[in-house]
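This is what each chain is made of:
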Amino acid sequence: MTTYLAVAVEACAALIIAFAAIEATIKSLKLFFWHRNFTEELKEDIRLRLGGWLAVALEFELASDILLTAITPTWNEIGKLAAIIVLRTVLNFFLQQELQKAATRKRYLPK
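This report concerns the structure included in the present document. (Residues numbered from 1 in each chain as written. Predicted model: local features only at pLDDT ≥ 70, side-chain atom pairs only at ≥ 80, totals over all residues. Heavy atoms only, no water.)

Inspection of the entire model under this criterion finds four salt bridges. For the salt bridge of Arg49 with Glu23, the shortest nitrogen-to-oxygen distance reads 2.9 Å. Taken together, the residues Arg49 in helix H2 (residues 40-71) and Glu23 in helix H1 (residues 2-34) connect sequence positions 26 residues apart. Using a relative accessible area of 41% as the deciding quantity, one classes Arg49 as partly exposed. Taking the shortest distance from any N to any O, the salt bridge between Arg47 and Glu98 comes out at 3.2 Å. Of this pair, Arg47 sits in helix H2 while Glu98 sits in helix H3 (residues 75-108), and the two are 51 residues apart along the sequence. (Salt bridge = Lys/Arg side-chain N within 4 Å of Asp/Glu carboxyl O. Helix = DSSP H or I, 4+ residues; strand = E, 2+ residues; numbered from the N terminus. Buried < 20%, exposed > 50% of the residue type's maximum accessible area, 1.4 Å probe, protein only.)

A separate point is the packing of aromatic side chains. Considering all chains together, one arrives at three aromatic pairs under this definition. On the numbers, 5.0 Å between centres and 85° between planes, the contact of Phe32 with Phe33 is edge-to-face. Classification of Phe33 by relative accessible area gives exposed; the value is 52%. With centroids separated by 6.4 Å and ring planes inclined at 75°, the aromatic side chains of Phe33 and Trp34 adopt a geometry described as edge-to-face. Take Phe33 and Trp34: they sit in the same class, and that class is exposed. Grouped by ring-pair contacts, the aromatic residues Phe32, Phe33 and Trp34 constitute a single cluster. (Phe/Tyr/Trp six-rings, centres within 6.5 Å; stacked < 30°, edge-to-face > 60°.)

The quantities given are spatial measurements derived from coordinates; they are silent on function.
What follows is the structure, given as structure tokens:
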């Protein structure tokens, strides 16, 4: 049962990534073809939104890995899980920094 749950959670991560990529692609194409005088801020908004969804998908992937490790906790699997946790934490840390920098820039931009 846990294996099926882990596969379902991983499928949810894949769907999140797919929809986020589709959304970013559509917004990018609209920006490129219909708003020729776009600002860097608009591109950054698309990039940060995609990054935010990728961070959510990483959380789902981590949940799936935790479920699979709970089934057969070998040292190899625990090591892989530890590596994934470190990677996810580092990615989320840098993504959070980017989001904070973008928010700070938006606060100080003239309106």
